[in-house]
Amino acid sequence: MADAHGDDLAESLQSLFTNVSSMVKSELQGTNNQMDLLEKMNVRVAAEYDDLGDVAAGLRVFAEQMKLKSGGFDEFVGQMDAIEKQVSEFEAVVSVLDRYVSVLESKLRA
């Protein structure tokens, strides 16, 4: 009976160790799967950041080109400001002449 009891104990212990081993193996496999998933996610995110870097570089080049193009407009803006100043001066002269002509007309009618 001691032998049968010892065999039952040995079988129970063997079953326990097998089940614990299976559980640990499953836990390790789950952790390994999570690590694989995390690695794939990191690769995907790295690719996204590379794409965003390319977009940012393109935007930087575009901004520099726009800055160069707008620099060419500075000369025209200066010319337009000078023309606007001349027009204002011309309008002032026309206003003075208009008043002078009005005075002359009133003298001729009198």
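See the structure above.
Everything in this summary refers to the structure shown in the same document. If you're wondering where the values come from, they're calculated on a predicted model, not measured in any experiment.

With that settled, consider the overall build of the protein. Within the protein, the secondary structure is distributed over one helix and zero strands. Relative to its length of 110 residues, the protein is extended, with a C-alpha radius of gyration of 46 Å against a globular reference of 13 Å. By principal-axis analysis of the C-alpha atoms, the protein measures approximately 150 × 30 × 10 Å. Classification of the 110 residues of the protein by burial places 0% in the buried group. Carbon and sulfur atoms provide 63% of the accessible area of the protein, an area that totals close to 10200 Å². Each charge class in the protein was averaged separately, 10 positive and 20 negative side chains, and the resulting centres sit 22 Å apart.

This paragraph deals with the environment of aspartate 51. Mapping aspartate 51 onto the fold places it in helix α1 (residues 2–109). Here aspartate 51 falls in the partly exposed class, since its relative accessible area comes to 46%. Counting along the chain gives 58 residues from aspartate 51 to arginine 109, while the straight-line C-alpha distance between them is 83 Å.

Side chains of Leu9, Leu13, Leu16, Phe17, Val20, Met23, Val24 and Leu28 sit close together on the surface and give an oily, nonpolar patch of about 750 Å² of accessible area. Summarising the element assignment, leucine 16 is placed in helix α1.

Here we take up the pattern of salt bridges. A full pass over the atoms with the stated rule returns two salt bridges. A salt bridge links arginine 44 to glutamate 48, with the nearest nitrogen and oxygen atoms 3.0 Å apart. In this pair, arginine 44 and glutamate 48 are both assigned in helix α1, four residues apart and thus about one turn of the helix distant.

If you trace the backbone, methionine 80 turns up in helix α1. Along the chain, methionine 80 and threonine 31 lie 49 residues apart, while their C-alpha atoms are 71 Å from each other.

Cut-off values and rules
- Residues numbered from 1 in each chain as written.
- Predicted model: local features only at pLDDT ≥ 70, side-chain atom pairs only at ≥ 80, totals over all residues.
- Heavy atoms only, no water.
- Helix = DSSP H or I, 4+ residues; strand = E, 2+ residues; numbered from the N terminus.
- Rg over C-alpha atoms; globule rule 2.2 N^0.38 Å.
- Buried < 20%, exposed > 50% of the residue type's maximum accessible area, 1.4 Å probe, protein only.
- Areas by Shrake-Rupley, 256 points an atom, 1.4 Å probe, with all protein chains shown as cover.
- Lys, Arg positive; Asp, Glu negative; His and termini not counted.
- Charge placed at Lys NZ, Arg CZ, Asp CG, Glu CD.
- Patch = residues over 30% accessible without salt bridge, like charges linked within 9 Å, V, L, I, M, F, W, Y side chains within 5 Å.
- Salt bridge = Lys/Arg side-chain N within 4 Å of Asp/Glu carboxyl O.

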